[in-house]
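For reference, the chains in residue letters:
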Amino acid sequence: FAQSGPVFVTFGEVMVRDTPADMERPERTRLVRLSMAGSEYTLAIGLARLGIPSAYITRVPDNPYGRAVRNIARENGVVADHFVWAPKTEPIGRLIYEIGRTPRRDTGVYQRKHSAASRLDAGMVDWKRALKDARLFHTSGITFGLATHSNYDRNYNYEAFKEAVGNKPSDCLVGLDFNYRSTFCSKDQARALMTPIESDHVDVLITTI
């Protein structure tokens with residue numbers, strides 16, 4: 001891949017993860033460690049560390065959290081040139097994460113409704129340029145579940161995905177991590193949404209048993 005642009009390109013949502021830094025419960029702590037969470041994001045970072053030219057695409061608010069997502073990607077060698085910038089007042093997804101102490105298990109609370117990333121739509125990214133060297137274009141099922149979770153009339157991320165697939169090189173494969181979340185949509189809703197995506201577009205499917 002010498003002298004190549006990103007050969008692995010992915011898109012999705014990054015959440016700010018709030019974890020108590022003192023092992024207290026979230027409602028008791030006054031000291032929180034911030035980190036960034038998102039399967040597509042961390043996968044791009046991992047591959048970039050292994051020397052695979054990688055890019056990540058998302059929509060984030062133009063505020064310190066959005067810039068942190070971009071900066072961390074860049075610090076790890078991930079190309080972030082195609083980020084879409086939303087107004088600074090739009091929300092970024094968040095995960096309130098509690099590290100359990102016996103007998104409590106680790107728990108997480110998502111706050112992802114109406115996030116900036118959930119409104120990444122067709123017409124916002126120059127996919128032909130973003131994917132010009134791509135060998136694998138990757139995303140996850142949870143990205144498409146954001147529309148149902150937010151009660152949108154249309155699925156913005158799905159429209160962006162279809163536009164991307166229509167502009168990818170002919171030898172670029174499409175990968176999908178199924179990543180179903182029952183808190184986002186029912187099984188029937190997921191089946192109706194994901195079946196045509198998998199049957200019509202996906203070359204590499206990743207899922208649990």
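These remarks concern the structure in this document. Only a predicted model underlies this, so the values are computations on that prediction, with no experimental measurement involved.

### Here we look at the nonpolar core
Counting residues in hydrophobic clusters, the biggest one holds 25 residues, and the most contacted among them are Phe11, Ile57, Trp127, Phe137, Phe144, Phe161 and Ile197. Looking at this core, the elements that each hand over two or more residues are strand 1 (8–11), strand 4 (54–57), helix 3 (127–130), helix 5 (156–166), strand 10 (173–177) and helix 6 (187–201). The element best represented in this core is helix 5, accounting for 5 residues. What Trp127 contacts, discounting residues up to four positions off in sequence, is Phe11, Ile57, Phe137, Ala160, Glu163, Ala164 and Asn167.

### Quick word on empty space enclosed by the protein
Considering all chains together, one arrives at 1 cavity of 30 Å³ or more under this definition. As a volume, the largest cavity reaches approximately 80 Å³. Of all the elements in the fold, those that place two or more residues in the lining of the largest cavity are helix 4 (141–149) and helix 6. Residue composition of the lining of the largest cavity, grouped by class: 8 nonpolar, 3 polar and 1 charged.

### Here's the deal with the side chain of Thr10
Along the polypeptide, Thr10 turns up in strand 1. Judged by its relative accessible area of 0%, Thr10 falls in the buried class. Engagement of the side chain of Thr10 in a polar contact is seen with the backbone oxygen of His138, the distance being 2.6 Å. Beyond its immediate chain neighbours, meaning those up to four positions away, Thr10 contacts Glu40, Ala44, Ala55, Tyr56, Ile57, His138 and Thr139.

### Considering the sheet that holds strand 9 (residues 136–140)
As summarised here, the arrangement of the 5 strands in space is 4-1-9-10-11, forming an open sheet in which the pairing is parallel. Of all strands in the sheet, those bounded by a partner on one side alone are strand 4 and strand 11 (204–206). Averaged over all pairs of adjacent strands, the angle between strand axes in this sheet comes to 20 degrees, irrespective of strand direction. Pairing of strand 9 with strand 10 involves 5 bridges; the strand directions are parallel. Each residue of the ladder has a partner; that of Ser140, found in strand 10, is Asp177. The sheet contacts of helix 5 involve strand 1, strand 9 and strand 10, and relative to strand 9 the element is tilted by about 170 degrees.

Parameters and conventions
Residues numbered from 1 in each chain as written. Predicted model: local features only at pLDDT ≥ 70, side-chain atom pairs only at ≥ 80, totals over all residues. Heavy atoms only, no water. Core = buried A, V, L, I, M, F, W, Y, C linked by side-chain atoms within 4.5 Å. Buried < 20%, exposed > 50% of the residue type's maximum accessible area, 1.4 Å probe, protein only. Helix = DSSP H or I, 4+ residues; strand = E, 2+ residues; numbered from the N terminus. Contact = heavy atoms within 4.5 Å. 1 Å grid on protein atoms, 1.4 Å probe; cavity = no way out; pocket = protein on both sides within 12 Å on 5 of 7 lines; lining within 4 Å. Points joined across faces, edges and corners; volume = space filled by probe spheres on them. Nonpolar A, V, L, I, M, F, W, Y, C, P; charged D, E, K, R; others polar. Polar contact = N/O pair within 3.5 Å; in protein donor to acceptor, adjacent residues only side chain to side chain. Pairing = 2+ DSSP bridges. Axes fitted to C-alpha atoms, helices over the stretch in contact; angles between N-to-C directions.

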